[in-house]
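Coordinate analysis (summary)
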Protein chains: 2
Amino acid sequence: LSPAKVAKSERRGWIIPIGGGEKKVNSPTILSQFANVCGGENARIAIIPTASQLPDTGARYQSVFHDIGVDHTVVIDAETRQDCEDQGRLDALEQATGIFMTGGNQLRLSTTIGGTAMAKSIRRHNADGVPVAGTSAGAAFLCEHMIAVGRSGPTPRHGKASLAPGLGLTNRAIIDQHFRERDRLGRLLTALAFNPFATGIGVDEDTAAFIGPDNVIEVHGSGGLTIIDPSDIEYSSMDLARAGKPISLMGVKLHILLEGDRYDMATHSATPGAQAGK
Amino acid sequence: LSPAKVAKSERRGWIIPIGGGEKKVNSPTILSQFANVCGGENARIAIIPTASQLPDTGARYQSVFHDIGVDHTVVIDAETRQDCEDQGRLDALEQATGIFMTGGNQLRLSTTIGGTAMAKSIRRHNADGVPVAGTSAGAAFLCEHMIAVGRSGPTPRHGKASLAPGLGLTNRAIIDQHFRERDRLGRLLTALAFNPFATGIGVDEDTAAFIGPDNVIEVHGSGGLTIIDPSDIEYSSMDLARAGKPISLMGVKLHILLEGDRYDMATHSATPGAQAGK
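Residues numbered from 1 in each chain as written. Chains lettered and ligands numbered in written order. Predicted model: local features only at pLDDT ≥ 70, side-chain atom pairs only at ≥ 80, totals over all residues. Heavy atoms only, no water.

On to helix H4 (residues 106-113) of chain B, then. Residues and elements named next belong to chain B. Taking burial as the measure, the eight residues of H4 include eight buried ones, the bulk of the element. Residues Gln106, Leu107, Arg108, Leu109, Ser110, Thr111, Thr112 and Ile113 constitute the buried set of H4. Sitting at the amino-terminal end of H4 is asparagine 105, which places a side-chain oxygen 2.8 Å from the backbone nitrogen of leucine 107. Positive phi appears at glycine 115, one or two residues downstream of H4, with a value of about 80 degrees. (Buried < 20%, exposed > 50% of the residue type's maximum accessible area, 1.4 Å probe, protein only. Helix = DSSP H or I, 4+ residues; strand = E, 2+ residues; numbered from the N terminus. Polar contact = N/O pair within 3.5 Å; in protein donor to acceptor, adjacent residues only side chain to side chain.)

What follows is the structure, given as structure tokens:
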């Protein structure tokens, strides 16, 4: 489940976690920007509604993308692990220039798609340059380490975040969604404290982190990203904390980024967007 | 934290989880076999006692390896994240032909070493062919997905296993240790049920899984390996289960392997050892 190898002549596709609640009518900025990086009017977007239990989720996004100007969309109804091995569905996915996973329950994504031919196909597409976006549960599922369940609140506590293996498009980041709306700073800090090698990306609603092939993140949307850089943590009591108790964490670095701002996960540096200082 | 890239001319080193309680005197089979793959009498073994809180753990293993015939050992006392960036310790590690991590608490390993120069060095060594072994907590830490904490018992239950990012030498396996002694089938099944892409390796005490560069596992020691292959799971209720409740899992394949038996993680096939059928 490490990222599929990027062929030398290719560049990895965008990885695009969306915090949930993205605008779908009247200037749907994020979905339009996603359609742009997938080829604009020539995009062929595969919609995977597996996380959702509602029967019309896929069709609803087809309609939204149609209104944006993308005529070629296909809903891949993968409800079981058998569906994820089905050649017809894999063939439909093969044509995609962009892949979009809806919200719902991220454990439905990992238990249904994880380890199947469909998971391999999505990883291969992304390694070959195809953008892969997910909103809410779809965002949580994108990376190698996924927050499966957790509790709200600002303080990191033993047991506040429970991790599970995700799709594995990158392992440099751990995503959390509905971030400030649901007060999830504590659970993202907890998830990072286990092993402070990754960057935490808390994504607000109607906001997206466009993670480029160079692992530079661009912010789009009306909310913000909370970037948590644990690389210089000086002390953590995670290994000593007992169930439910708070955790000491010293030396965590935090960035709040808005539309147009950037963050480089390789160099751990943030850069203001073009609107800054004007 | 994906496996460091293996150079074309090199082969990855052995990855060797030991279930804890390995014999240290009178035919210490596993540690002798580890010393052999590290170069035998010419081995230079770096011992990392970070997981342990006891001051003499490193020296004790030095003595054991000396009795086996390995004169060149060094204890890398990495107690803080700052220690893991220290050039003197990194230089000592640089010379190793084998790396051994002791038991203790796996969260002490991940919180102390995770994301540091020492973690990068161990990953690079292993990618370049150097064997890396760990016993008990040291075994848990080896892979990309590590069981951080959990509960005993045979039944998989929501919340029975809590995962965290480990060292990441491979992501094909999830390890559990003291396996049958502490009745951990339920927690390993739970860990695998989140995303059934990995192979579960339950390692008994005084037993080791020697995972080769070709991802074929050989068993050594007096106990057994419990291999759990979730790749053909037909149904799982992991996404529906509530906190503490049991999980349905249909179609899990199980193998119990003893000394000399092998398991190929790529083809999901087990092969009896030479002693079988004689």
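Our focus in this paragraph is the relation of the copies chain A and chain B. In the superposition of chain A on chain B (RMSD 0.0 Å, axial shift 0.0 Å), the rotation amounts to 180 degrees. On this basis, the relationship between the two copies can be described by a two-fold rotation axis. Mapped onto chain B, 100% of the interface residues of chain A again fall at the interface, so both copies present the same surface. (Least-squares fit on C-alpha atoms with pLDDT ≥ 70 in both. Contact = heavy atoms within 4.5 Å.)

Residues and elements named next belong to chain A. Read from one edge of the open sheet, four strands run E8-E9-E12-E15, paired in mixed fashion. Only two strands of the sheet have a single partner each, and these edge strands are strand E8 (173-176) and strand E15 (253-257). Within the sheet, the average angular offset between the axes of one strand and its neighbour, ignoring direction, is 20 degrees. Sheet topology places E8 next to strand E9 (residues 199-203); four bridges connect them, and they run parallel. Residue pairing across strands places isoleucine 174 opposite glycine 200, the latter belonging to E9. (Pairing = 2+ DSSP bridges. Axes fitted to C-alpha atoms, helices over the stretch in contact; angles between N-to-C directions.)

Time to look at helix H3 (residues 87-94) of chain A. Residue and element names in this part refer to chain A. For H3, the full list of buried residues reads Arg89, Leu90 and Leu93. Buried residues of H3 fall within an arc of 100 degrees about the axis and therefore sit on the same side. In this structure, the buried side of H3 is in contact with strand E2 (44-48), strand E4 (98-101) and helix H5 (117-127). (Arc of directions from axis to C-beta.)

At the junction of the two partners, chain A supplies 36 residues and chain B supplies 36 residues. Approximately 3,000 Å² of surface area, both sides summed, lies buried where chain A meets chain B, with 55% of it carried by carbon and sulfur atoms. Looking at the side of chain A facing chain B, the largest losses of area belong to A:Pro165, A:Phe194 and A:Asp239, adding up to 19% of the total buried there. Scanning the region where chain A abuts chain B turns up 12 residue pairs in polar contact (both at pLDDT 80 or more). When contributions to the side of chain A that touches chain B are tallied by element, the ones reaching two or more residues are helix H4 (106-113), strand E6 (145-150) and strand E7 (161-165) of chain A. It is H4(A) that provides the largest number of residues to the side of chain A that touches chain B, a total of four residues. Its residues placed into classes, the side of chain A that touches chain B shows 16 nonpolar, 15 polar and five charged. (Buried area = accessible area lost by both parts, 1.4 Å probe. Nonpolar A, V, L, I, M, F, W, Y, C, P; charged D, E, K, R; others polar.)

Another point: the pattern of salt bridges. The full count for this structure, using the stated rule, is 18 salt bridges over all chains. Of the charged contacts in the structure, one is a salt bridge between A:Arg124 and A:Asp128, with a shortest N-O distance of 3.3 Å. A residue is classified by how much of its surface remains accessible, and A:Arg124, at 38% relative accessible area, is partly exposed. In this structure, B:Asp86 and B:Arg89 form a salt bridge, with 3.2 Å as the shortest nitrogen-oxygen distance. Among the residues examined, B:Arg89 registers a relative accessible area of 19% and is labelled buried. Connected via shared salt-bridge partners are A:Asp77, A:Asp83, A:Asp86 and A:Arg89. (Salt bridge = Lys/Arg side-chain N within 4 Å of Asp/Glu carboxyl O.)

Attention shifts here to the packing of aromatic side chains. Throughout the structure, instances matching the rule amount to 12 aromatic pairs over all chains. On the basis of an interplanar angle of 55 degrees and a centroid distance of 6.1 Å, the ring pair of A:Phe34 and A:Phe65 is categorised as tilted. Of the two residues, A:Phe34 is situated in helix H1 (residues 29-37) and A:Phe65 in helix H2 (residues 57-68); the sequence distance between them amounts to 31 residues. With a relative accessible area of 0%, A:Phe34 lands in the buried category. Ring centres 5.7 Å apart and planes at 80 degrees place the aromatic pair B:Phe65 and B:Phe100 in the edge-to-face group. Within this pair, whereas B:Phe65 is found in helix H2 (residues 57-68), its partner B:Phe100 is found in strand E4 (residues 98-101), the two being separated by 35 residues in sequence. Classification of B:Phe65 as buried rests on a relative accessible area of 0%. Note on B:Phe100: relative accessible area 0%, which makes it buried. In this structure an aromatic cluster arises from ring pairing among A:Phe34, A:Tyr61, A:Phe65 and A:Phe100. (Phe/Tyr/Trp six-rings, centres within 6.5 Å; stacked < 30°, edge-to-face > 60°.)

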